[in-house]
Amino acid sequence: MPVFTIICRLGEPNIILTESMPKTTVNDQWSVWRKKGKKLFSNMSPSMDITGVLKSDEGLYFLYTIENGICYMTLCEKDYPRQLAVGYIDEIKNEFDIQHGQDIKLANRQYFFQNFGMLFTFI
């Protein structure tokens with residue numbers, strides 16, 4: 001299952017727009033993974049592959065997709081099927097675009113759309 005999700009606008013600089021809280025407490029190293037996810041964002045650019053999977057040594061994996069300069073990334077447990085992870089990211093992407101697509105250029109600080117983070121628990 002997805003453990004947590006981060007949405008970031010790619011550009012100069014990359015800005016984290018919102019993130020979820022972990023969906024499970026099984027992984028006690030959530031803060032370590034959160035830092036790894038943020039570090040990945042800092043190295044991303046709009047010219048990267050549109051969709052990708054980044055595996056870890058611990059068996060978890062990051063799945064990301066980039067659309068219109070926005071990167072949607074989720075950390076999933078190793079046994080969570082990738083097709084379900086892709087469907088989850090697509091739902092997040094569609095809902096975020098519906099709610100905030102027109103306002104993305106207004107985001108001028110980290111966590112500008114943090115209120116969207118509440119929706120992660122319902123998707």
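That block above? That's the structure.
Parameters at a glance
- Residues numbered from 1 in each chain as written.
- Predicted model: local features only at pLDDT ≥ 70, side-chain atom pairs only at ≥ 80, totals over all residues.
- Heavy atoms only, no water.
- Helix = DSSP H or I, 4+ residues; strand = E, 2+ residues; numbered from the N terminus.
- Expected span 1.5 Å × (residues − 1).
- Buried < 20%, exposed > 50% of the residue type's maximum accessible area, 1.4 Å probe, protein only.
- Arc of directions from axis to C-beta.
- Contact = heavy atoms within 4.5 Å.
- Salt bridge = Lys/Arg side-chain N within 4 Å of Asp/Glu carboxyl O.
- Disulfide = S-S within 2.5 Å.
- Phe/Tyr/Trp six-rings, centres within 6.5 Å; stacked < 30°, edge-to-face > 60°.
- Lys NZ or Arg CZ within 6 Å of the ring centre and 35° of its normal.

Section: helix H2 (residues 82–100)
(1) Moving on: Helix length check: H2 (19 residues) gives 26 Å between terminal C-alpha atoms against 27 Å at 1.5 Å per residue, within 8%.
(2) Moving on: Within H2 the residues assigned to the buried category are Ala85, Tyr88, Ile89, Ile92, Lys93, Phe96 and His100. Summarising the axial view, the buried residues of H2 lie within an arc of 135°, below the 170-degree limit, and thus occupy one face. In this structure, H2 carries Gln83 and Ile98 as exposed residues pointing more than 90 degrees from its buried face.
(3) Moving on: The elements touched by buried residues of H2 are strand E1 (2–9), strand E2 (15–19), strand E4 (61–67) and strand E5 (70–76).

So, the pattern of salt bridges
(1) Moving on: Evaluated as defined, the whole model comprises three salt bridges.
(2) Moving on: Between Lys93 and Glu67 there is a salt bridge, with the nearest N and O atoms lying 3.2 Å from each other. Placement of Lys93 in helix H2 and of Glu67 in strand E4 is noted, with a sequence separation of 26 residues between them.
(3) Moving on: Lys93 sits in the buried class, given a relative accessible area of 12%.

Remarks on the state of the cysteines
Simply put, the disulfide is a covalent bond whose two ends are the sulfur atoms of two cysteines.
(1) Moving on: All told, the structure shown has zero disulfides when counted by the stated rule.
(2) Moving on: Cysteine Cys71 shares no disulfide, and the gap to the nearest cysteine sulfur, in Cys8, comes to 6.6 Å.
(3) Moving on: For Cys71, a relative accessible area of 0% translates into the label buried.

Describing the packing of aromatic side chains
The description of an aromatic ring pair uses the distance of the two centres, along with the angle that the planes make with each other.
(1) Moving on: This structure, assessed with the given rule, holds two aromatic pairs.
(2) Moving on: An angle of 80° between the planes, with centres 6.5 Å apart, marks the rings of Phe4 and Phe62 as edge-to-face. Taken as a pair, Phe4 in strand E1 and Phe62 in strand E4 lie far apart in primary sequence, 58 residues in all. We note that Phe4, like Phe62, is buried.
(3) Moving on: Judged by centre distance (6.2 Å) and plane angle (75°), the ring pair of Tyr72 and Phe96 falls under edge-to-face. You can see Tyr72 sitting in strand E5 and its partner Phe96 sitting in helix H2, a full 24 residues away along the chain. Of the two residues examined, Tyr72 and Phe96, each falls in the buried class.
(4) Moving on: Above the plane of the ring of Tyr61 lies Arg82, whose end atom (NZ or CZ) is 5.3 Å from the centre.

Read these as geometric descriptors, not functional statements.
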